[in-house]
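If you want the building blocks of each chain, they are given just below.
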Amino acid sequence: MTDFNPADKIQDLQYFGEFGGVNPSISDSSTYTFLSAKTMFDTFEGNAEGCYLYSRHSSPSNLYLGQALAAMEGTEAANVAASGMGAISAVLLQLCAQGNHMVSSRTIYGGTYAFMKNFLPKLGIKNTFVDITRLDMVEAAITTDTKVLYCETVSNPLLEVADIEGLAKIAKKHNLKLVVDNTFSPLSVAPAKLGADVVIHSLTKFINGSSDTVGGVTCGTQAFIDSLRNVNDGASMLLGPTMDSLRAASILKNLRTLHIRMKQHSHNALYLAGRFEQDGLKTVYPGLSSHPSHKLYKGMINPEYGFGGMMTLDVGTLDKANELMELMQERNLGYLAVSLGFYKTLFSAPGTSTSSEIPPEEQKEMGLSDGLIRFSIGLDNDIERTYRMMRKCMEELDILQPAGTAAV
Ligand SMILES: *Cc1c(COP(=O)(O)O)cnc(C)c1O
């Protein structure tokens, strides 16, 4: 992927405000006037390039953000949404009809899992959840009704890596759409370049990076993005998960620093994961050679942006996990909060929070243990100091023995 640097693609886009401002003007309107009635009709029919109709359909601010995100993912077009779930649900409803079937990774974001498991069946759309790292099992789950193959590049919360190139081959062979949620790995991985048909992000996380809004995006071919926005049968147009223009403008400004932030998130997470693994804690991070998909992932990423900011530590029991998270928060090492991609480290126990939609027995089967803490590592300037302070918390709670004490 040396010829494709998504941060450069974003940098090359230039938008000016209407008075020569260095940021594009925000379109503070829900509706747009037409000089001729004929143009209005053409716009409804989708034939008037560059004309705006109504902001649920599109707005200049949303199109700017969409263009930047399409450039980042290397797709023809993109459509922003009010939230990650607003993008995911619209895409799945656009691609599947009653009687259709999907094959999905079983380790995905809890909301996506709940949507597939509890909501889509009400509309006659069925799902089979599989271990996404087993391509043979993925292929075996495909039926004549299957339309979509769904995964996350790096899965939430277990950090399993999807072999996107391998999955794309299976999708092509069976004429399925490969939909990839790339929320955990913006800039690091460009799924469309590896063969994904549709790439989704929750902008709420790393891309916006300031935990002040929810947002989502769908990146794909111009034809698919147009179909989502179609006034007659487009899921985004008709379900209405529209992002507000003011928000689109603020997310675009935050996107400008994503490359710098991702490098620091990755640097800090790699450092902590390495240290805690050395200390003997069960640590999962795709940048560690102990990660089952380390080699695969290394070949998928743009090395400049590293292995990402997400890691997990297993401290044994839920009680220990809770005690540790409370103590780390007390010492201002981070916040006990869901979500990710903030400047501050965020931690939560996924089994009782973001993945609580997944029944306990299924959690166990997929390796989601009670003592698991998911970390979104922040932008800390001195990560060694953070390590020392985190280690001290663990020593006080008997999770780790004080340094210098030989383990028995
Ligand atoms: C948060 C998240 C979502 C949902 O996004 P929202 O913006 O909260 O709707 C989807 N996928 C992943 C991987 C996420 O982390």
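Looking at an unreviewed UniProt entry, one finds the chain named Cystathionine beta-lyase, with Flavobacterium cyanobacteriorum as its source organism. The UniProt entry for the chain carries the following comment under Sequence similarities (unreviewed entry): "Belongs to the trans-sulfuration enzymes family."

1. A look at the packing of helix α4 (residues 84-95) against helix α5 (residues 110-119)
Angle between the axes and distance between the axes are the two parameters that describe a pair of packed helices. Where α4 meets α5, the axes come as close as 10 Å, and the angle between the chain directions of the two elements is 30°. Taken together, α4 and α5 sit at an angle that is classed as roughly parallel. Considering the relative orientation of α4 and α5, their crossing is right-handed. Contacts between α4 and α5 involve M85, I88, S89, L92 and L93 from the former and G111, T112, F115 and M116 from the latter. Classifying every residue of the contact of α4 with α5 gives 6 nonpolar, 3 polar and no charged.

2. Considering the sheet that holds strand β2 (residues 101-105)
With respect to topology, 7 strands assemble into an open sheet ordered β1-β7-β6-β5-β4-β2-β3, the strand pairing being mixed. Each edge of the open sheet is held by one strand with a lone partner, namely β1 (77-81) and β3 (126-130). For this sheet, the mean inter-axis angle between neighbouring strands, taken without regard to orientation, is 20°. Inspection of the sheet shows β2 paired to strand β4 (residues 146-152) by 4 bridges, in the parallel sense. Counterpart to H101 in the pairing with β4 is T146.

Analysis parameters
- Residues numbered from 1 in each chain as written.
- Predicted model: local features only at pLDDT ≥ 70, side-chain atom pairs only at ≥ 80, totals over all residues.
- Heavy atoms only, no water.
- UniProt positions renumbered as here; feature names shortened; annotations may be inferred.
- Axes fitted to C-alpha atoms, helices over the stretch in contact; angles between N-to-C directions.
- Helix = DSSP H or I, 4+ residues; strand = E, 2+ residues; numbered from the N terminus.
- Parallel < 35°, antiparallel > 145°, perpendicular 65-115°, else oblique.
- Left-handed = near helix turned anticlockwise from the far one by under 90°.
- Contact = heavy atoms within 4.5 Å.
- Nonpolar A, V, L, I, M, F, W, Y, C, P; charged D, E, K, R; others polar.
- Pairing = 2+ DSSP bridges.

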